[in-house]
Amino acid sequence: MQIPTTLLAQVDSSVGGKTAIDTPEGKNLIGLIHQPKLVLADLDVLATLDDRQMRAGYAEIVKAALIGDAAFFDWCEQNAAAILHGKPVALQHAIATAISFKARIVEQDETEQGVRALLNLGHTFAHALEAHSAYDGTLLHGEAVAAGIALAFQLSAQLGHCTDAEAARVKTHLERAGFITNLRKLPGAPYDAEKLTALMAADKKNEAGLLTLILARGIGKAFMDRNAPVDRVLALLQQETR
Ligand SMILES: NC(=O)c1ccc[n+]([C@@H]2O[C@H](COP(=O)([O-])OP(=O)(O)OC[C@H]3O[C@@H](n4cnc5c(N)ncnc54)[C@H](O)[C@@H]3O)[C@@H](O)[C@H]2O)c1
Ligand SMILES: [Zn+2]
């Protein structure tokens, strides 16, 4: 039985049964999938959660919208402040929407053979940022995810999968919600582009040495690219960290 007490755990980690630990080699590399019998997400407990932790949880909410629900992203743009301030109506809608979105995906693909991988939007970048800063609390997972989502959309635009305007809209929303998307200013900076790229190449989602990334054809249109060009990833990270 899981009783998630952070916004992040309520909307994401308590659903789907993934349990893992972080090691110096990378994020979540050791773990298993084991479903709880019951998840009890009580909104009242969030009253004591600090602003930074609330925002970190919001990253996974907006992630769900960006993966597959453009209308929910429109709603997030209008309601981010209410969610972050813990306004019950907005918070409940956001949590319920994010949970049902994730539950639908996990029901289709519990062991991540396919569609479940889309839930990793922004996460290959994020896991590298987290490993770079050694999971010492400098950079929260949700903060890394927000920066990673901005990078994933930026790369998608550079590779011609989505428009620059869509990538800019995502970045603007994340910044309005209070996230830092500028890697030079992100907690844990300075980040080294070569080291980040090497960490990304070690991510567990990679098969046969190829860089697998979740990219987007637009807002709400994430897809898996099993052969993302490592040189373009490195170039983007160099551009963003220099
Ligand atoms: N398994 C999954 O599917 C999955 C999905 C998303 C994230 N994660 C992982 O979850 C981890 C982050 O977990 P988290 O965000 O729940 O953070 P956490 O468990 O580290 O908690 C964050 C902080 O908030 C405090 N706290 C918790 N509940 C509180 C409350 N109600 N009031 C006041 N303080 C409270 C905790 O003591 C802690 O200091 C990351 O390692 C991330 O990778 C896993
Ligand atoms: Zn996450």
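Residues numbered from 1 in each chain as written. Chains lettered and ligands numbered in written order. Predicted model: local features only at pLDDT ≥ 70, side-chain atom pairs only at ≥ 80, totals over all residues. Heavy atoms only, no water.

Trainee: Looking at this model, I keep getting lost on the packing of aromatic side chains. Mind explaining?
Mentor: Aromatic rings in a pair are described by how distant their centres are and how their planes are angled relative to each other. Inspection of the entire model under this criterion finds 1 aromatic pair. With a centroid separation of 5.7 Å and an interplanar angle of 15°, the aromatic rings of phenylalanine 72 and tryptophan 75 are classed as stacked. A residue pair is termed a helical-turn pair when its members lie 3 or 4 positions apart in one helix, as phenylalanine 72 and tryptophan 75 do in helix H3 (residues 70-84) at 3 residues. (Phe/Tyr/Trp six-rings, centres within 6.5 Å; stacked < 30°, edge-to-face > 60°. Helix = DSSP H or I, 4+ residues; strand = E, 2+ residues; numbered from the N terminus.)

Trainee: Whenever I open this one, the packing of helix H8 (residues 193-201) against helix H9 (residues 230-241) confuses me. Can you help?
Mentor: Angle between the axes and distance between the axes: these two values describe a pair of packed helices. It is the contact of H8 with H9, at a shortest axis distance of 9 Å, that shows an interaxial angle of 140°. When you trace H8 past H9, the crossing you get is right-handed. On H9, the residues touching Ala193, Glu194, Leu196, Thr197 and Met200 of H8 are Val230, Val233, Leu234, Leu237, Gln238 and Thr241. Taken together, the residues of the contact of H8 with H9 sort by class into 7 nonpolar, 3 polar and 1 charged. (Axes fitted to C-alpha atoms, helices over the stretch in contact; angles between N-to-C directions. Left-handed = near helix turned anticlockwise from the far one by under 90°. Contact = heavy atoms within 4.5 Å. Nonpolar A, V, L, I, M, F, W, Y, C, P; charged D, E, K, R; others polar.)

Trainee: Would you take a moment to explain helix H5 (residues 123-132) for this structure?
Mentor: Note that an α-helix has 3.6 residues per turn; residues three or four places apart therefore point the same way. In terms of burial, H5 is largely enclosed, as 10 of its 10 residues are buried. Buried within H5 we find His123, Thr124, Phe125, Ala126, His127, Ala128, Leu129, Glu130, Ala131 and His132. On its buried side, H5 packs onto strand S2 (26-33), helix H2 (51-68), helix H6 (141-158), H8, strand S3 (211-216) and H9. (Buried < 20%, exposed > 50% of the residue type's maximum accessible area, 1.4 Å probe, protein only.)

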